[in-house]
Amino acid sequence: MAAGLLGCETFIALGDDYTQQCTTLTTVYRDADKDGEGNLHDPLTWCGDLPPEYVTNTLDCNDKSADVNTRASDDQCDGIDQDCDGKTDEDFPVLDCPIPINETESCPGRTACVGKDVLCYALFYYDADKDGIGSTPRIVDEPGTCAPPSAPEGGVWVQEGNDCDDTNPAIHPGAEEICDDGVDQNCNGTVGKVYLRQTFSQSVLNAGAAEARWFSGTNSGFVQAAPGGGECNGPEDDVTGTEDGNVVGVGLGACVPPGTSGELESPVVDTMGAPKLWLHFQEWIDFSPAGSFGAPPTVTLSVQQGAQRTTLLSLVKPGPTDTQPVPGWTEVKRELDTLAGPATSLVWSYESGDTAGWGGYAIDDVLLVDEACSVAP
């Protein structure tokens, strides 16, 4: 009959006629809460397969709670070390919280866990250039108060941050972006790159360098309009205020006979990689008086990319109206967020209508950029 060896707490039975002493003993640890992690202070020396409720690690700092282990998140403000790293509540989320000033006003704050209490501390940003938006955040020392900290000499504390250049008061979120100056005035990550800029002059249409030429077909209804009204219903004044001779834009309407159609296409530009495209231009409309008859002229704006043309909108049907008897310039802004590409051009198309006497249309001061921005003075 097999018998155990003296001094061996465990043994493996190999048969009916002999036994073999364990050559390797393993220390295992109690996992009372069954979370897969053992209690360092409850060991057992063992040989063979693990007994129930025991593991080989000592990771658990509280074997009475399955919610406490190294895989847990310490995001509760309860003073308990949920993830067994020796710290408490370090993952408690920092959230926005308002601090009342009076019945109608409050200041912004951030939450913090102190002991088992969630407190709200006012948040300020140091504004070195005094443009109203700061860059360096600071949480005040006293919870529940909107009093700012003492400001270092030369700056102030404000409650709005994200200034990308706190040394220049013209640069901050919400500032006016200047086109093509290489500076990110509004702190949005782009610099207002200009892809196309055109103020019309005598040499624009079918003249000058090919890469800068605006193409107008021989049967186009687009002509260079002269100021002063007259038979072509041209604009009285140049919207740009520049001295560019008698040409102020591209005139339509009474400048061409009924049944004329055509288009004006800009130079081809590479807008690949632009996060968005913004088109700005000035349009001049001479609405026809009430009593005009027949089909009115129409103007549409499209984007051409290789063989693909995408119509953006019908710009105007200058039909009879009593609401705008005086022609005038209007700025048009259009976001083209899905139309960036390596070969992009703008196309104004025109149908003159079927009778004479309709109002005219003109464009000037065209600007294509990667964000809404203004031309530097």
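Draft legend 1. Inspection of the sheet that holds strand S21 (residues 361–369) at higher detail. In spatial order, the strands read S11-S21-S16-S19; together these four strands make up an open sheet with antiparallel pairing. Of all strands in the sheet, those bounded by a partner on one side alone are strand S11 (194–198) and strand S19 (328–335). For this sheet, the mean angle separating the axes of adjacent strands, direction not counted, is 20 degrees. By the bridge criterion, eight bridges tie strand S16 (residues 278–285) to S19 in an arrangement that is antiparallel.

Draft legend 2. Molecular detail of the environment of Thr 199. Relative to the helices and strands, Thr 199 is located in the loop between S11 and strand S12 (215–216). Taking the C-alpha atoms as reference, Thr 199 lies 5.8 Å from Asp 364; in sequence the two are 165 residues apart.

Draft legend 3. Highlighting the nonpolar core. Counting 27 residues, the largest nonpolar core has Trp 214, Leu 279, Phe 281, Leu 336, Trp 348, Val 366 and Leu 368 as the members making the most contacts within it. Secondary-structure elements contributing two or more residues to this core are S11, S16, strand S17 (298–305), strand S20 (344–351) and S21. The next biggest cluster of nonpolar side chains, apart from the first, holds 10 residues, and it includes Cys 97, Cys 120, Tyr 121 and Tyr 126.

Draft legend 4. Examining the side chain of Glu 265 more closely. Take Glu 265: it is sitting in strand S15 (residues 261–265). Salt bridges are absent for the buried Glu 265, whose nearest opposite-charge side chain, Arg 309, sits at 5.2 Å. A polar contact is formed between the side chain of Glu 265 and the side chain of Ser 345, at a distance of 2.6 Å. With residues up to four places along the chain from it excluded, the contact list for Glu 265 reads Arg 213, Trp 214, Phe 215, Gln 304, Ser 345, Leu 346 and Val 347.

Draft legend 5. Examining the side chain of Ser 302 more closely. Locating Ser 302 in the fold gives a position in strand S17. A distance of 3.4 Å separates polar atoms of two side chains, one belonging to Ser 302 and the other to Thr 311.

Draft legend 6. Here's a closer look at the layout of surface pockets. Reported here for the largest pocket is a volume of approximately 270 Å³. Lining of the largest pocket is provided by 13 residues; of these, Glu 331, Asp 365, Leu 367, Ser 374 and Val 375 occupy positions nearest its centre. Elements with a minimum of two residues in the lining of the largest pocket: S16, S19 and S21. Broken down by element, the lining of the largest pocket gets its largest block of residues, three residues, from S16. Grouping the constituent residues of the lining of the largest pocket by class yields five nonpolar, five polar and three charged.

Draft legend 7. Representation of the packing of aromatic side chains within the structure. One pass over the full model with this rule turns up three aromatic pairs. Ring centres of Trp 214 and Trp 348 lie 6.1 Å apart, and the angle between their planes is 35 degrees; on these two criteria the pair is classed as tilted. Here Trp 348 lies in strand S20 and Trp 214 lies in the loop between S11 and S12, a separation of 134 residues in the sequence. Trp 348 carries the same exposure label as Trp 214, and that label is buried. Feature note: the residues Trp 214, Phe 281 and Trp 348 constitute an aromatic cluster, connected by ring pairs.

Draft legend 8. Structural view of the sheet that holds strand S5 (residues 54–55). Pairing is antiparallel in the open sheet, where three strands are placed in the order S4-S3-S5. At either margin of the open sheet sits one strand with a lone partner, and together these are strand S4 (43–46) and S5. Where strand S3 (residues 26–30) meets S5, two bridges bridge the pair, whose relative direction is antiparallel. The partner of Tyr 29 across the bridge, within S5, is Val 55.

Draft legend 9. Region of the structure containing unusual backbone geometry. Even without glycine at this site, Asp 180 takes up a positive phi of about 60 degrees. Topologically, Asp 180 is positioned in the loop between strand S10 (156–158) and S11. Under the relative-accessibility criterion, Asp 180 is labelled partly exposed at 48%. Backbone geometry places Cys 187, a non-glycine residue, at a positive phi of 60 degrees. On the secondary structure map, Cys 187 appears in the loop between S10 and S11.

Conventions used here
- Residues numbered from 1 in each chain as written.
- Predicted model: local features only at pLDDT ≥ 70, side-chain atom pairs only at ≥ 80, totals over all residues.
- Heavy atoms only, no water.
- Pairing = 2+ DSSP bridges.
- Helix = DSSP H or I, 4+ residues; strand = E, 2+ residues; numbered from the N terminus.
- Axes fitted to C-alpha atoms, helices over the stretch in contact; angles between N-to-C directions.
- Core = buried A, V, L, I, M, F, W, Y, C linked by side-chain atoms within 4.5 Å.
- Buried < 20%, exposed > 50% of the residue type's maximum accessible area, 1.4 Å probe, protein only.
- Lys, Arg positive; Asp, Glu negative; His and termini not counted.
- Salt bridge = Lys/Arg side-chain N within 4 Å of Asp/Glu carboxyl O.
- Polar contact = N/O pair within 3.5 Å; in protein donor to acceptor, adjacent residues only side chain to side chain.
- Contact = heavy atoms within 4.5 Å.
- 1 Å grid on protein atoms, 1.4 Å probe; cavity = no way out; pocket = protein on both sides within 12 Å on 5 of 7 lines; lining within 4 Å.
- Points joined across faces, edges and corners; volume = space filled by probe spheres on them.
- Nonpolar A, V, L, I, M, F, W, Y, C, P; charged D, E, K, R; others polar.
- Phe/Tyr/Trp six-rings, centres within 6.5 Å; stacked < 30°, edge-to-face > 60°.

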